[in-house]
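# A structural walkthrough
Listed here are the chains, written in short residue letters.
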Amino acid sequence: MNKKNEIKETDLWQLYDKGVNYNRAVNLYENTNKCFRFYNGNQWNELKSGGIEPVTYPIVETIVNHKVSTINQNEWAIHYSSDNFDNIENRDIFKQACDLLNKRVARVWEKDSMDYKIRKMSTDAAVVGEGIIYVDYDEENDNPINEILNNTDICYGNENSSDIQSQPYIILKLRRPVTQAREMAINDGISEEEAELIIGDQDYNEQAGDAAAREVNDMVTILIKLYKKDGTVHFEKATKYLTILEDEDTGLSLYPLAHMIWKEIKGYSRGVGEVEYTIPMQIEINKTLMRRCLIVKMFAYPKAVVNTKIIKNHKDADKV
C-alpha cells in the first residue's frame, strides 16, 4: 500500500473526471438542478424581492405529471411464454417452466417495488431527459437490486450516442457513507489497512438536487466502470484513491442498465425532457401574475397618507 504522501488518484477516477469536465461544458449539472427546481415549485430561486412574497402559477409540474401518468396508466410486468418454441413434444415442459418463471419474477417485481421505480424513472426522464435504472445482484438473497440513478451519476464513453449497448464504457457514480464503503471494499477482498484509503470527500457538487450538498454523514464517491470485453460485460470498482476491483467478468452480454430517453436530441446521448424548454414560458407567466398582484396591492384599495412632520405618533394612525 502506498504511503499517504504517495497516494495518487486512481486511473478510473481520472477517466471519470474527464467525463465530469464534459458534463460541465454542456452545463448538465446546472440544467438538471434548474429543471428540478421548476418542477418542485422553486421558481423564484435567489430572487431578492424585499418584503414582497413572490407568487407562482405552476404549469411545469402539471405538464410532467399528466404525461408521466399517461404512460404509466397501465401496470408493467415481465411475462415468459412458451408459444415461440417449435418443439411440440416438450411444449408442456416449457409451459410449466414459464409458469414457474412468471411466479418468480412477479414476487421479485412486487418485493422490489418496480412499479414505483418505473414511475420514478419516467418522471426523471420527463424532467431532465433521461431516466436510469442500474441492476446489481444480491448473491446472498439471490435477488436483483434495481437502483435508480440520476443523470448526473453516469458518464458515457461516447456522449454522442443514446444507444446504451454500443457504449465503449459506462462509469456509474455511487455516493455512500464511508463506513459502508469500507465494509463493501473489505467484502470485495480489500484488506482493512487498504480500506483506510477510503476517506470522506466533498465531491457532491455533481449531485442532482440542491439538497444533495447537505450531507449528514461522512460520504465518499464509489465509481463502477462497465465495459465489454470478449463478448461479455466486465467491470472495475474504485474510489478516488483506492482500486477495489479490476477487470471482473460479470458473464453478462448486455450492460445491466435500463435507459429511458424522453425526447432524443441528435448527436447527444441524454435527450431532453419536458421542463427545459417550458421554463421560459413558466417565468413569463409568473412575472405577469406578479405584476398583476403588485398592481392590486398598490391601487385596488385606498391608502392613508400621513404627514410625519406634523403628526408625531403616525404609527398609531391605524389604531381605533
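Our structure's up above, just so we're on the same page.
Report on the accompanying structure. Here the structure is a predicted model, which means the values were calculated and not measured.

Here we take up the layout of surface pockets. Here the largest pocket is characterised by a volume of approximately 900 Å³. Along the walls of the largest pocket sit 24 residues, with Tyr134, Asp136, Tyr137, Phe235 and Lys237 positioned nearest its centre. If one sorts the elements of the lining of the largest pocket by residue count, strand 1 (residues 130–138) sits on top with 4 residues. Here the lining of the largest pocket is composed, by residue class, of 13 nonpolar, 3 polar and 8 charged. Approximately 510 Å³ is the volume found for the second largest pocket. In terms of lining, the second largest pocket is formed by 19 residues, of which the most central are Ile78, Val105, Trp109, Met114 and Asn146.

What follows deals with helix 5 (residues 114–128). Helix length check: helix 5, at 15 residues, gives a terminal C-alpha distance of 21 Å against a target of 21 Å (1.5 Å per residue), a fit within 8%. With 11 of 15 residues buried, helix 5 is to be regarded as a mostly interior element. Listing the buried residues of helix 5 in full gives Met114, Lys117, Ile118, Met121, Ser122, Thr123, Asp124, Ala125, Ala126, Val127 and Val128. On the buried face of helix 5, the contacting elements are helix 2 (28–40), helix 3 (60–71), helix 4 (91–111), strand 1, strand 2 (143–149) and strand 8 (257–261). Looking one or two residues beyond helix 5, the residue adopting positive phi is Gly129, at roughly 110°.

Attention now moves to the pairing of strand 4 (residues 169–177). Most of strand 4 sits out of view: 8 of its 9 residues are buried. Across 3 bridges, the pairing between strand 3 (residues 154–156) and strand 4 is antiparallel. Directly across from Cys155, in strand 4, lies its bridge partner Ile171. With 9 bridges joining them, strand 4 and strand 5 (residues 219–229) adopt antiparallel strand pairing. Looking across to strand 5, one finds that Ile171 is bridged to Lys225.

So, on to the pairing of strand 7 (residues 243–249). Looking down a regular strand, the side chains alternate between one sheet face and the other. When strand 6 (residues 232–238) meets strand 7, the two strands line up antiparallel, connected through 4 bridges. Residue pairing in the sheet places His234 in a bridge with Asp249 of strand 7. Hairpin connection of strand 6 to strand 7: 4 residues between the antiparallel strands.

Within the structure shown, the criterion is met by 1 aromatic pair. Positioned above the aromatic ring of Tyr169, the side-chain terminus of Lys225 is 5.3 Å from the ring centre. The aromatic ring of Tyr227 is capped on one face by Lys225, whose charged end is 5.1 Å from the ring centroid.

What follows concerns the side chain of Arg176. With respect to the helices and strands, the residue Arg176 is situated in strand 4. Overall, the relative accessible area of 17% leaves Arg176 in the buried class. Reaching out from Arg176, the side chain makes a polar contact with the side chain of Glu147 at a distance of 3.0 Å.

Quick look at the sheet that holds strand 3 now. Taken together, 5 strands build an open sheet; the order of strands is 3-4-5-6-7 and the sheet is antiparallel. Edge positions in the sheet fall to strand 3 and strand 7, since each has one partner strand and no second. Sheet twist, expressed as the mean angle between neighbouring strand axes with direction ignored, is 15°. Along the sheet face, helix 1 (residues 11–25) touches strand 3, strand 4, strand 5 and strand 6 and points at about 95° away from the line of strand 5. Helix 6 (residues 178–187) rests against strand 4, strand 5 and strand 7 of the sheet, and its axis sits at about 125° to strand 4.

Rules used throughout
Residues numbered from 1 in each chain as written. Predicted model: local features only at pLDDT ≥ 70, side-chain atom pairs only at ≥ 80, totals over all residues. Heavy atoms only, no water. 1 Å grid on protein atoms, 1.4 Å probe; cavity = no way out; pocket = protein on both sides within 12 Å on 5 of 7 lines; lining within 4 Å. Points joined across faces, edges and corners; volume = space filled by probe spheres on them. Helix = DSSP H or I, 4+ residues; strand = E, 2+ residues; numbered from the N terminus. Nonpolar A, V, L, I, M, F, W, Y, C, P; charged D, E, K, R; others polar. Expected span 1.5 Å × (residues − 1). Buried < 20%, exposed > 50% of the residue type's maximum accessible area, 1.4 Å probe, protein only. Contact = heavy atoms within 4.5 Å. Pairing = 2+ DSSP bridges. Phe/Tyr/Trp six-rings, centres within 6.5 Å; stacked < 30°, edge-to-face > 60°. Lys NZ or Arg CZ within 6 Å of the ring centre and 35° of its normal. Polar contact = N/O pair within 3.5 Å; in protein donor to acceptor, adjacent residues only side chain to side chain. Axes fitted to C-alpha atoms, helices over the stretch in contact; angles between N-to-C directions.

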